[in-house]
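The residues making up each chain are set out below.
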Amino acid sequence: MEENKCECGCNGKDEFLNSLCEKYLPIKDNLIQILNEVQEHYGYIPMNAQKVLSEFLNVPMAEIYGVVTFYSRFTLKPKGKYNIAVCLGTACYVKGSQKIMDRLKERLKIEPGETTADGKFSIEETRCVGACGLAPVFTVNGEVYGKATVQLLDKVLDELSK
Ligand code: FES
């Protein structure tokens, strides 16, 4: 019988997870760094990856889930082709960013953390993205749109929907 090279819990079935288990030492301190790589690779943190990491790092699943849901950069569902994030940090909020979020939800018919059925758009709430001078701000795949208005959002959505 062929011996499995990987001892981390993925049984060598997932090449990417296998490579992470070879790259990192199995210590809890590496959890965030490994989750960053998983998020970047898959676009979200799949349940299977949480199970593998739980076994590899000897960290309970509930703790991994807690970390994934605490940090906004991690998501449990795949993001859309265009991920639109509205800043609800103080500077943006007082300049009306909630109106932009409301319009976004109304147009795409999804809530923050969700992705449209066609996989094209996802939306999320963020806290300060470091562009308070341009408040209110939203981003599309990390590109900042400052001095945002509902009209600007509509224009961007129309453009991306083509
Ligand atoms: S509060 Fe929105 S960029 Fe700082």
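Calculation notes
Residues numbered from 1 in each chain as written. Predicted model: local features only at pLDDT ≥ 70, side-chain atom pairs only at ≥ 80, totals over all residues. Helix = DSSP H or I, 4+ residues; strand = E, 2+ residues; numbered from the N terminus. Contact = placed C-beta atoms within 7 Å. Core = buried A, V, L, I, M, F, W, Y, C linked by C-beta atoms within 7 Å. Buried ≥ 20, exposed ≤ 12 C-beta atoms within 10 Å, placed from the backbone. Pairing = 2+ DSSP bridges. Axes fitted to C-alpha atoms, helices over the stretch in contact; angles between N-to-C directions. Parallel < 35°, antiparallel > 145°, perpendicular 65-115°, else oblique. Left-handed = near helix turned anticlockwise from the far one by under 90°. Nonpolar A, V, L, I, M, F, W, Y, C, P; charged D, E, K, R; others polar. pLDDT = per-residue confidence, 0-100. Arc of directions from axis to C-beta. Expected span 1.5 Å × (residues − 1).

(A) Region of interest: the overall build of the protein chain. From N to C terminus, the protein chain includes 7 helices and 4 strands. The principal-axis extents of the C-alpha atoms in the protein chain amount to approximately 65 × 30 × 20 Å. Here the analysis covers contacts within the protein chain between residues at least 6 apart in sequence; of these, 56% occur between residues at least 24 apart.

(B) The nonpolar core, seen in detail. Judged by nonpolar contacts, the single largest core of 16 residues is most densely connected at Ile84, Val86, Ile100, Leu104, Val137, Phe138 and Ala148. Of all elements in the fold, only β1 (82-87), α6 (97-108) and β2 (121-126) reach the threshold of two or more residues within this core. Ranked by residues supplied to this core, first place goes to β1 with 4 residues. Counting 14 residues, the second-largest nonpolar core is a separate cluster that includes Ile34, Ala49, Val52 and Phe56.

(C) Examining the sheet that holds β1 more closely. Here we have 4 strands laid out as an open sheet, ordered β2-β1-β3-β4, and mixed in their pairing. The sheet terminates laterally at β2 and β4 (143-145), the two strands that pair on one side only. Pairwise comparison of adjacent strand axes, ignoring direction, gives a mean angle of 25 degrees for this sheet. Pairing between β1 and β2: 6 bridges, direction parallel.

(D) Representation of unusual backbone geometry in the model. Between Ala135 and the following residue, Pro136, the backbone shows a cis peptide bond with an omega angle of -5 degrees. The backbone phi angle of Asn58 is positive, close to 60 degrees, even though this residue is not glycine. Here Asn58 is to be found in the loop between α3 (47-57) and α4 (61-70). Classification of Asn58 as exposed rests on a count of 10 C-beta atoms within 10 Å.

(E) Layout of the packing of α3 against α4. Remark: α3 packs on α4, axes separated minimally by 9 Å, with the N-to-C direction vectors making an angle of 125 degrees. The pairing of α3 with α4 is recorded here as oblique in orientation. Between α3 and α4 lies a crossing of right-handed hand. Between α3, through Gln50, Lys51, Leu53 and Ser54, and α4, the contact on the second element is made entirely by Met61, Ile64 and Tyr65. Residue classes in the contact of α3 with α4 are distributed as 4 nonpolar, 2 polar and 1 charged.

(F) Fine view of the confidence of the model for the protein chain. Predicted confidence across the protein chain gives a mean pLDDT of 90, with 92% of residues reaching 70 or more. Within the protein chain, no element has a lower average pLDDT than helix α1 (residues 15-23), which sits at 91, and none a higher one than α6, at 98. Every residue in residues 1-5 scores below 50 in pLDDT, and together they form 3 contacts with partners more than four places removed in sequence or on other chains.

(G) Region of the structure containing α3. Residues Ala49, Val52, Leu53, Phe56 and Leu57 constitute the buried set of α3. Projection of α3 onto a plane perpendicular to its axis shows the buried side chains occupying an angular sector of 110 degrees, all on one side. Against α1, α2 (31-42) and α4 lie the buried residues of α3.

(H) Broad picture of α6. The end-to-end C-alpha distance of α6 is 17 Å, a good match for the 16 Å that 12 residues give at a rise of 1.5 Å each. Those residues of α6 that sit buried are Ser97, Ile100, Met101 and Leu104. Along the long axis of α6, the arc covered by the buried residues comes to 100 degrees, so they all point the same way. Structural note: α6 exposes Asp102 and Glu106 on the side pointing more than 90 degrees away from its buried face. At its buried positions, α6 is contacted by β1, α5 (90-94), β2, β3 (138-140) and α7 (150-161).

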